[in-house]
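Overview (structure and organization)
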Amino acid sequence: DLLSWSGGKDSFLAYLSLKEENKRPILLLTSYSGFNHQVAHQEVQVEEIKKQADILSLPVIFIPLYSDTDYRERILLGTTLASRKTKTNRLVFGDLHLRHIRKWREDNFLKAMSAKNISLHFPLWDIPYKTLMATFLKSGAKAKISAVADSKLEKLIKVGDEFNEELVAKLPDSVDKFGENGEFHTLLEPKLGS
């Protein structure tokens, strides 16, 4: 399984789901800005991703993105590189419920992946947040807020705050409790749990 890895809680929850399936080895795929070496929107440095991959004992393929490169083409390049390392069965995303994001992924990757006998997999799709939070807490992992993009949150949460039930309880109803609309992003701490 080739897991799209941003270094945040949703990627980690997708990893836990794959680990529980225990069907095949996992390879991480991380795209990042070739200019500042950050994962887009996450405000996470590539060095943090390397630490996470080491702690999880997982290989990772890094795909640099530039303003003159096409994201879709770069991800397809990543799948080609992964296929050279090992047989790839699925391209896995930690999307939760945004139908337009899933549709975009399907529209842009499904045909190309099918030609390589690779399916798209969304293991967290429509799982209730209560269940996802319980799974996250049970894992023993910790995550901190790495970026806050929604101005409504400026006085409620800040970079460095721990993502937990208390933080989620502070969020107004207009904000997705897992930041799925990009309101905020997270970074798993070096001790990722099991």
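Before going into details, it helps to say that this report is about the structure given with it. (Residues numbered from 1 in each chain as written. Predicted model: local features only at pLDDT ≥ 70, side-chain atom pairs only at ≥ 80, totals over all residues. Heavy atoms only, no water.)

Some words on unusual backbone geometry
Our working rule: Put simply, DSSP marks the helices as runs of H or I at least four residues long and the strands as runs of E at least two long, and each gets a number from the N terminus on. Burial classes follow relative accessibility: with a 1.4 Å probe on protein chains only, a residue under 20% of its type's maximum area counts as buried, one over 50% as exposed, and anything between as partly exposed.
One non-glycine residue, Glu43, adopts positive backbone phi at about 60°. By secondary structure assignment, the location of Glu43 is in the loop between strand S3 (38–39) and strand S4 (44–45). Glu43 sits in the partly exposed class, given a relative accessible area of 46%.

Quick notes on the pattern of salt bridges
Any two side chains of opposite charge can pair, on the condition that their charged atoms come close. Our working rule: By definition here, a salt bridge exists when the distance from a side-chain nitrogen of Lys or Arg to a carboxyl oxygen of Asp or Glu is within 4 Å.
In this structure the tally under the stated criterion is 15 salt bridges. Sharing partners across several salt bridges, the network here consists of Asp1, Glu21, Arg24 and Arg90.

With respect to the packing of helix H3 (residues 71–85) against helix H4 (residues 99–115)
Which entries qualify depends on this criterion: Every angle, taken between N-to-C directions, lies between 0 and 180 degrees, and every axis is a line fitted to C-alpha atoms, over only the stretch in contact when it is a helix. Any angle that is under 35 degrees is reported as roughly parallel, and any over 145 degrees as roughly antiparallel; angles of 65 to 115 degrees are reported as roughly perpendicular and all others as oblique. Definitions for this section: a left-handed crossing has its near helix turned counterclockwise from the far helix by less than a right angle. A right-handed crossing has that turn clockwise. Contacts were defined at the residue level, with two residues in contact if any of their heavy atoms lie within 4.5 Å. Polar here means any residue other than Ala, Val, Leu, Ile, Met, Phe, Trp, Tyr, Cys and Pro, which are nonpolar, and Asp, Glu, Lys and Arg, which are charged; Gly is therefore polar.
One can describe the packing of H3 onto H4 by two numbers: an axis separation of 11 Å at closest approach and a directional angle of 40°. Between H3 and H4, the angle is such that the two are oblique. The chirality of how H3 crosses H4 is right-handed. Only Trp104, Arg105, Asn108, Phe109, Ala112 and Met113 of H4 make contact with H3, whose side of the interface consists of Tyr71, Arg72, Ile75, Leu76 and Thr79. Its residues assigned to classes, the contact of H3 with H4 comprises 7 nonpolar, 2 polar and 2 charged.

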